[in-house]
Amino acid sequence: MVDIIMGLQRNDYNSIDHYTAFTSSLTRQLQQYVQTGGSILISGAYIGSDINSSPLQPILSQLTKCRFTGTDSYSSTLKGLGLSFDIYREPNEKHYCVPHTDILEPEPGAVSVMAYADGYSAAVAYQGSDYRTIIMGFPFECIQSSTLRTTIMHGILNYLINNKINFSLLFNNIFYN
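So, on to the overall build of the protein. Tallying secondary structure elements over the protein gives 5 helices and 9 strands in all. In the protein, the succession of helices and strands from N to C terminus is β-α-β-α-α-β-β-β-β-β-β-β-α-α. Relative to its full complement of 177 residues, the protein shows a buried share of 46%. Of the contacts made within the protein by residues no fewer than 6 positions apart, 67% connect residues no fewer than 24 positions apart.

Right under this line is the structure:
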């Protein structure tokens, strides 16, 4: 399993040196990895917008099984894995905050597995016969509760590593009231 934690890294077009989260080298390595049945977890506030602005966008969308549809600047509460949890949105003394997060919608064959409080998709999972992914439009490490962060990671790892776990077992009650 590969875990790529992007945090707040992004292509902002204002830096002296051009930066992209998904270089052609990384994209090629991820393609090769999933061809061997590998699973991928990617999280970060600008995953979708970086994919969307990349010349490799068609390849990355096919690989991640998601598409960027906008940003969410308001929701600090998310739902997924039968849980409700908060992420750091405001500056504070404990952790960096994430003022904007990406809305990621599933491509065919994938499903939304987490949602922001306003109902927009926060994370997408793909379960194919070839490989599995979970792509999160917010930094995983920004989940405020360490207990919930551990519980969520446990569920994600079980899904990505254990081929007997499927969408319906892992992500039931995703959008509960």
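Mapped onto the fold, T27 is located in helix α1 (residues 24-35). Look past the residues within four positions of T27 in its chain and what remains in contact with it is F22, L56, I59 and L60.

As a further point, take the side chain of K65. As for its position among the elements, K65 is in the loop between α3 (57-64) and β3 (66-72). Despite its burial, K65 pairs with no opposite charge; the closest candidate is D130, at 5.6 Å N-O. Apart from the residues lying within four places of it in its own chain, the contact partners of K65 are L60, E105, P106, E107, A110, V124, Y126 and Y131.

Below, the discussion takes up the packing of aromatic side chains. The tally for this structure, following the rule as stated, stands at 2 aromatic pairs. Between F85 and F138, the aromatic rings sit 6.2 Å apart at their centres with planes inclined by 45°, giving tilted as the arrangement. Here F138 lies in the loop between β9 (132-136) and α4 (146-161) and F85 lies in strand β5 (residues 83-86), a separation of 53 residues in the sequence. Of the two residues examined, F85 and F138, each falls in the buried class. Over the ring of Y126 we find K65, and its NZ or CZ is 4.7 Å from the ring centre. A cation over a ring is seen here: R132 above Y159, with NZ or CZ 4.8 Å from the ring centre.

Once that is clear, we can look at α3. Every buried residue of α3 is accounted for by L60, S61, L63 and T64. Down the axis of α3, the smallest arc covering the buried residues is 165°, so these residues share one side. Elements that come into contact with the buried residues of α3 comprise α1, β2 (39-44), α2 (47-53), β3 and β9. Positive backbone phi, approximately 65°, marks K65, located one or two places after α3.

Here we come to the pattern of salt bridges. Enumeration according to the criterion identifies 2 salt bridges in this entry. In this structure, E107 and R67 form a salt bridge, with 4.0 Å as the shortest nitrogen-oxygen distance. Here E107, found in the loop between β6 (101-106) and β7 (110-116), pairs with R67, found in strand β3; they are 40 residues apart in sequence, far enough to count as distant. A salt bridge links D72 to R89; its shortest N-O distance comes to 3.0 Å. Here D72 is found in strand β3, whereas its partner R89 is found in the loop between β5 and β6, with 17 residues between them in sequence. We note that D72, like R89, is buried.

The rules behind these values
Residues numbered from 1 in each chain as written. Predicted model: local features only at pLDDT ≥ 70, side-chain atom pairs only at ≥ 80, totals over all residues. Heavy atoms only, no water. Helix = DSSP H or I, 4+ residues; strand = E, 2+ residues; numbered from the N terminus. Buried < 20%, exposed > 50% of the residue type's maximum accessible area, 1.4 Å probe, protein only. Contact = heavy atoms within 4.5 Å. Lys, Arg positive; Asp, Glu negative; His and termini not counted. Salt bridge = Lys/Arg side-chain N within 4 Å of Asp/Glu carboxyl O. Phe/Tyr/Trp six-rings, centres within 6.5 Å; stacked < 30°, edge-to-face > 60°. Lys NZ or Arg CZ within 6 Å of the ring centre and 35° of its normal. Arc of directions from axis to C-beta.

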